[in-house]
Each structure stands twice: as C-alpha cells, then as structure tokens.
Amino acid sequence: MEIKTVMVVGAGQMGSGIAQVAASAGLNVILHDLKPELAEKGLVSIQKYLSRDVEKRRKSAEEADAVLRKISSSADLEDAGNADLVIEAVIENMEVKATLFKKLDGICPAPAILATNTSSLPITEIAAATKRPDKVIGMHFMQPVPVMKLIEVIRGLATSDETYRAACDLAIKMGKVPVAVNDFPGFVSNRILLPMINEAIYCVHEGVASPEAVDEVMKLGMNHPMGPLALADFIGLDTCLYIMEILHSGMGDSKYRPCPLLRKYVKAGWLGKKNGRGFYVYD
C-alpha cells in the first residue's frame, strides 16, 4: 500500500521528532495530542529544530517552511480516520497503549497500519487489543529522531509480510535504516543499553565513583559520545526505571533488577533533564 498521510499520536519529544522526519520525507502529517496546546507545543518544538537547521545551513528557509506546511496539529483522535498509518508515541505503559490501539482500530480505515514506538513492550500484546493484529507493528525510533538513523522494526506474532514491508519502506523513505528485531522485552537496543546504564548507577550507589567519573571513564575509555548517566538523564530516569522493570519481569533474571538508587531518584522526582534534576542539575 502507498502511505501518503501519517498521524503521530503524542506530540512530545519523540512524537514531534517522528512528525518532523515524516514531513521531511514529503508525507502529510497529523500531529495529535490530548489537548490543542500540547499539539501546538510539539509544532513549536519542530519549528525550533528546523530553525537551527537553517542557521547551520543544513536546510534552506524554503525547505524548512515546506516541512512545516506538511504538518497539521490535532486534538481529535477521530482525525486518524484520514491516516494511512498511525505511529503511536505516548507514555510507555501497556494499559495506555492497549486502550489507544483499541480506539484507533475503531477509527482508522481498514487498510491502515497501526505502529507503536514502544521501546520495550510486547508488540503481540498491543496488537491483541485490535481486530487487525496483522496490521500492527513496532517501529522503535531512536532519540533524537531527526539525527539517529536506526529504526528497530518489530513484528508481532500476527504481523503480516505486507505490513512489515510497508514499515521498512517507510523507514527508508524517511532516511532511516530499518533493522528487523524479534518481539522480546527491550528488543535489542534497550536490552543492551539499559542494563549498562543500570550498572553505571550501581557504581554510584556502591560508592565506586562519582557520576562525573563514571561518565568520563565511558567517554574517554570506551569512546562513548555521552556517558551512561548523562544519557540516563536525557532519556528520563522514570523511563529507565520502567524499562528495567519490564526487562526484570519479562526475563525473570536478577541481573535486570533496577538499582535501588534509580528507584530512589524517581521517587524523589529527580527524573533527569526534562525536569531539571537527575544525576546532574540542569537550568
């Protein structure tokens, strides 16, 4: 099937990034959130990103304007009735996602594909909330979306070959590299990344080194562009905790047990860069 119109549900950091790359690929994009002001905030975020591209001469002003013209904001989920494909980018919670997919299943045209940007939850379980499990697929984008090339493409138990090919073709059209991954907790990216971050937090928890020292070791010794604790702050410590809990419950292995310090920070409301305090303090 030819995908011309995409709805992105969730206008936060991930959703606005997905909307931007879809519009940059020439697709018509509906950026949806629960409230009009949240959807508009997503549009402002895209505008700021494109302005930086113009300042750094990665895009012309005309090209940036052309991208913005491709995106409309929405606070009405019924607008999904005009979409060939919906990409969900809401909170990482199975109950929320399953409820959303059930609603979308009743709104979207029969041929429409329903994709989830989940970073860890089972695609098969999300698909079971719909009457079109063959048209449900995982498309896990990396952050920041306009920069990172990878999309993990995850098939559920019932995902059809046609849906898989359409998702891969769309990823390529958006300038990304689709990589096939099976439906396991955390997929590949977070099954490897989050335990590393968790172990870095244990190093701080056990007094092995300060957050600054842990990050310097990984940057200078392992050539990582960003230390694991700075990365955890960037991802959001609440998100890190949630993914570790999914890995721990899904795998049943104690090596995925979230560090007590991670739990402590989240309970304290220290969630990272998004609210000004995590392992580091942000303006």
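Residues numbered from 1 in each chain as written. Predicted model: local features only at pLDDT ≥ 70, side-chain atom pairs only at ≥ 80, totals over all residues. Heavy atoms only, no water.

Here the focus is the sheet that holds strand β3 (residues 71–74). Ordered in space as β3-β2-β1-β4-β5-β6-β7-β8, the eight strands form an open sheet in which the pairing is mixed. The open sheet terminates on both sides in strands that have one partner only, identified here as β3 and β8 (177–181). Here the average twist between neighbouring strands, direction ignored, is 25°. Pairing geometry for strand β2 (residues 28–32) and β3, over four bridges, is parallel. Pairing of Ile30 across the sheet is with Ser72, part of β3. (Pairing = 2+ DSSP bridges. Helix = DSSP H or I, 4+ residues; strand = E, 2+ residues; numbered from the N terminus. Axes fitted to C-alpha atoms, helices over the stretch in contact; angles between N-to-C directions.)

The omega torsion of the bond from Gln143 to Pro144 falls at 0°, within 30 degrees of zero and hence cis. Topologically, Pro144 is positioned in the loop between β6 (136–141) and β7 (150–155). Phi is positive for Arg57, which is not a glycine, with a value near 60°. In this fold, Arg57 is placed in the loop between α2 (36–55) and α3 (61–69). Positive phi outside glycine occurs at Phe187, with the angle close to 55°. Checked against the element boundaries, Phe187 lands in the loop between β8 and α7 (189–205). For Phe187, a relative accessible area of 3% corresponds to the buried category. (Buried < 20%, exposed > 50% of the residue type's maximum accessible area, 1.4 Å probe, protein only.)

Counting across every chain of the model gives two aromatic pairs. Ring geometry for Tyr265 against Trp270: centres 5.0 Å apart, planes inclined by 70°, an arrangement best described as edge-to-face. Judged by relative accessible area, which is 15%, Tyr265 ranks as buried. Between the aromatic rings of Tyr265 and Phe279, the centroid separation amounts to 4.8 Å while the plane-to-plane angle is 35°, which identifies the pairing as tilted. Pair noted here: Tyr265 is in helix α11 (residues 260–267) and Phe279 is in the segment after α11, with a separation of 14 residues, a long-range link. Residue Tyr265 shares its accessibility class with Phe279, and that shared class is buried. Here Arg277 stacks its cationic end above the ring of Trp270, 3.7 Å away from the centre of that ring. (Phe/Tyr/Trp six-rings, centres within 6.5 Å; stacked < 30°, edge-to-face > 60°. Lys NZ or Arg CZ within 6 Å of the ring centre and 35° of its normal.)

What follows concerns the UniProt feature "site: Important for catalytic activity" (unreviewed entry) in the chain. Using the residue numbers shown here, the UniProt feature "site: Important for catalytic activity" (unreviewed entry) corresponds to His140. With residues near it in sequence (within four places) discarded, His140 still touches Thr116, Asn117, Thr118, Ser119, Leu150, Ile151, Glu152, Ile154, Phe187, Ser189 and Asn190. (UniProt positions renumbered as here; feature names shortened; annotations may be inferred. Contact = heavy atoms within 4.5 Å.)

In this numbering, the UniProt entry assigns the feature "domain: 3-hydroxyacyl-CoA dehydrogenase C-terminal" (unreviewed entry) to residues 186–282. For the annotated span residues 186–282, helix accounts for 62% and strand for 0% of the residues, and the straight-line distance between the end C-alpha atoms is 28 Å.

So, about the environment of Thr5. Within the secondary structure, Thr5 sits in strand β1 (residues 5–9). The class for Thr5 is buried, based on a relative accessible area of 15%. Apart from residues lying up to four places away in sequence, Thr5 is in contact with Asn28, Ile30, Asn82, Ala83, Asp84 and Leu85.

Moving on, we come to the domain arrangement of the chain. Segmentation of the chain into domains returns domain 1 (5–182) and domain 2 (190–273). Each of domain 1 and domain 2 has a C-alpha centre, and these two points are 27 Å apart. Counting from both sides, the interface comprises nine residues of domain 1 and, opposite them, five residues of domain 2. Taken together, domain 1 and domain 2 are joined by zero salt bridges. Across the contact surface, domain 1 and domain 2 share two residue pairs in polar contact (both at pLDDT 80 or more). (Domains from an automatic or database assignment. Salt bridge = Lys/Arg side-chain N within 4 Å of Asp/Glu carboxyl O. Polar contact = N/O pair within 3.5 Å; in protein donor to acceptor, adjacent residues only side chain to side chain.)

Taken as a whole and assessed by the stated rule, the structure comprises nine salt bridges. Between Lys59 and Asp53 there is a salt bridge; the shortest N-O distance is 3.7 Å. Across the pair Arg155 and Asp161 runs a salt bridge, and its minimum N-O distance is 2.6 Å. In this structure Arg155 comes out as partly exposed when scored by relative accessible area, which is 29%. Judged by relative accessible area, which is 44%, Asp161 ranks as partly exposed. Residues joined by salt bridges that share partners form a network here, namely Asp53, Arg58 and Lys59.

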